[in-house]
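Read off the chains here:
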Amino acid sequence: MTESPRPLERLVNSDAGSDHVPLEINTDEVSIARIYDFALGGKDNFAVDRAAAEAMMAVVPETMLLAKANRHFLRQAVRYLVGEAGIRQLLDIGSGLPTAGNVHEIAQEIAPETRVVYVDNDPIVLAHGRALLATNDRTAFLHADLRDPDAIFSHPDTVRLIDQSQPFAVLLGGVLMHLEDEEDPWAVAAGIRDRLPSGGYLLVSNTCDDGEPRAQALNQVFAEKGMGSRCFRTWDEQVRFFDGLELVEPGLVPHNQWRAGPDMPEPDNPVHSMHIGGVGRKP
Ligand SMILES: C[S@@+](CC[C@H](N)C(=O)[O-])C[C@H]1O[C@@H](n2cnc3c(N)ncnc32)[C@H](O)[C@@H]1O
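Parameters at a glance
- Residues numbered from 1 in each chain as written.
- Predicted model: local features only at pLDDT ≥ 70, side-chain atom pairs only at ≥ 80, totals over all residues.
- Heavy atoms only, no water.
- Near = heavy atom within 4 Å.
- Polar contact = N/O pair within 3.5 Å; in protein donor to acceptor, adjacent residues only side chain to side chain.
- Areas by Shrake-Rupley, 256 points an atom, 1.4 Å probe, with all protein chains shown as cover.
- Helix = DSSP H or I, 4+ residues; strand = E, 2+ residues; numbered from the N terminus.
- Nonpolar A, V, L, I, M, F, W, Y, C, P; charged D, E, K, R; others polar.
- Axes fitted to C-alpha atoms, helices over the stretch in contact; angles between N-to-C directions.
- Parallel < 35°, antiparallel > 145°, perpendicular 65-115°, else oblique.
- Left-handed = near helix turned anticlockwise from the far one by under 90°.
- Contact = heavy atoms within 4.5 Å.
- Buried < 20%, exposed > 50% of the residue type's maximum accessible area, 1.4 Å probe, protein only.
- Pairing = 2+ DSSP bridges.
- Disulfide = S-S within 2.5 Å.
- Arc of directions from axis to C-beta.
- Right-handed = clockwise from strand over helix to strand, strands pointing away.

**Q** For this particular structure, what's the right way to read the site of the ligand?
**A** Near the ligand lie 19 residues; those nearest to it are Y36, R71, G94, D120 and G173. At 2.8 Å, a side-chain N or O of R71 approaches an oxygen atom of the ligand. Contact between the ligand and G94: a nitrogen atom at 2.6 Å from a main-chain N or O atom of the residue. Relative to its free-state accessible area of 600 Å², the ligand is covered by the protein chains to the extent of 96%. Every element with two or more residues in the shell around the ligand is listed here: α2 (32-39) and α4 (63-84). Its residues assigned to classes, the shell around the ligand shows 7 nonpolar, 7 polar and 5 charged.

**Q** Can you walk me through the packing of α4 against helix α5 (residues 103-110) in this structure?
**A** Two packed helices can be described by the angle between their axes and the distance between those axes. Here α4 crosses α5 at 30 degrees, and the two axes come no closer than 9 Å. Relative to α5, the element α4 lies roughly parallel. For the pair α4 and α5, the sense of crossing is right-handed. Contact residues: R71, L74, R75, V78, R79, V82 and G83 in α4; V103, I106, A107 and I110 in α5.

**Q** Please clarify how the pairing of strand β8 (residues 275-281) should be interpreted in this entry.
**A** Note on strand geometry: in a regular strand, side chains alternate between the two faces of the sheet. Buried residues dominate β8, accounting for 6 of its 7 residues. Sheet analysis places strand β5 (residues 201-207) next to β8, joined by 7 bridges and oriented antiparallel. In the strand pairing of β8, L203 is matched with V279. Sheet analysis places strand β6 (residues 246-247) next to β8, joined by 2 bridges and oriented antiparallel. Of the residues in β8, the one forming a bridge with L247 is G280. Sheet topology places strand β7 (residues 253-254) next to β8; 2 bridges connect them, and they run antiparallel. Its bridge partner lying in β8, V253 is registered against G277.

**Q** What is the right way to read the environment of R79 from this model?
**A** Among the structural elements, R79 can be located in helix α4. With relative accessibility at 34%, the residue R79 sits in the partly exposed group. In this structure, the C-alpha to C-alpha distance between R79 and I106, residues 27 residues apart in sequence, is 6.8 Å. Not counting residues up to four positions away in its chain, the partners in contact with R79 are E84, I106 and I110. Polar contacts involving the side chain of R79 include one to the side chain of Q76, which spans 2.6 Å.

**Q** So what exactly am I meant to see when it comes to the state of the cysteines here?
**A** A full pass over the atoms with the stated rule returns 0 disulfides. Among the cysteines around C208, which has no disulfide bond, C231 carries the closest sulfur, lying 12 Å off. Relative accessible area serves as the criterion here: at 3%, C208 is assigned to the buried category.

**Q** How do you make sense of helix α9 (residues 185-195) when you look at a structure like this?
**A** Structural remark: α-helix, 3.6 residues per turn; residues separated by three or four positions point the same way. Looking at α9, one finds that the buried residues are P185, W186, V188, A189, I192 and R193. Here the buried residues of α9 occupy an arc of 160 degrees about the axis, which is enough to place them on one side. Buried residues along α9 sit in contact with β1 (89-93), α7 (149-153), β4 (169-173), β5 and α11 (235-239).

**Q** Is there a simple way to explain unusual backbone geometry in this structure?
**A** Leaving glycine aside, a negative phi is the common case for residues, and trans is the common case for peptide bonds. Geometrically, the link from E249 to P250 is a cis peptide bond, its omega value of 10 degrees lying close to zero. Residue position: P250 is located in the loop between β6 and β7. Positive phi outside glycine occurs at D184, with the angle close to 50 degrees. You can see D184 is positioned in the loop between β4 and α9. Residue D184 is classed as partly exposed on the basis of its relative accessible area, which comes to 33%.

**Q** Would you mind showing me how to read the pairing of β1 here?
**A** In terms of burial, β1 is a largely internal element, 5 of the 5 residues being buried. Both faces of β1 are covered, namely the face carrying Q89, L91 and I93 and the face carrying L90 and D92. The pairing of β1 with strand β2 (residues 115-120) spans 5 bridges and is parallel. Its bridge partner being in β2, D92 is matched across the sheet by Y118. In this view, the connection linking β1 to its parallel neighbour β2 by way of α5 has right-handed handedness. Bridge count for β1 against β4 is 3 bridges, and the pairing is parallel. Its bridge partner being in β4, D92 is matched across the sheet by L171.

Below, the structure written as structure tokens:
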């Protein structure tokens, strides 16, 4: 599942700062990270990613708003975790490409001592992430896979930055949705909950089948574009990711309902019912 570190280290050392596309990055296949980057208005995406995004917008024109709302939720939830819940250690799995308002920037603005470990399995995130996300000695980036939690939790950088005997938060923003049912995302979430100490937190956000036909239609496009066949699970399916945790108010809800700030994009747009998120605390 994870690739050996040696060729990827070479990719970072030789190519990360240059303009040409590193060999390991396939520009003919879509990348979830790059489509999401496009949706957020970033520049680290290729024609194949933009074509996939256009196919999504052909079905639901406001699809890109879902990504923006998800990012808003993530920022608000980090502000809650660090500012209100007092968390000082964050593990952001499926971090995505660097964007405006990265997790460590939000967190360290509130509490500079906060440590953040970013994890993503896409080589393009590795190429950009280590330089732009791991910008100080309280921040690290790992190229690893959510489906291999041992590699994440035992990695020397995780061990160095996250004291796993003390409360920490795991952020799973827009990532469990890309696991197939056969990969058992509920077991993956349970494995992470088991590792949280009392007082630790789990954040989950995903696209949602809100019962409207266009959610199913969009799910079909996501599947055809290789992003996973079950990106749009129902609320009932998703609330199980928090089993055994206490959901922080207001629970698992669309992003425009979760402590949305004044910069929440188009808060009244009905499309928001297709992306939900929540934060759970381990008792
Ligand atoms: C939709 S983006 C979400 C980014 C960010 N977490 C957020 O909520 O704004 C999903 C990210 O998860 C990553 N990803 C997908 N499957 C993964 C896996 N099995 N392990 C680690 N990262 C994964 C993708 O490469 C992508 O960067």
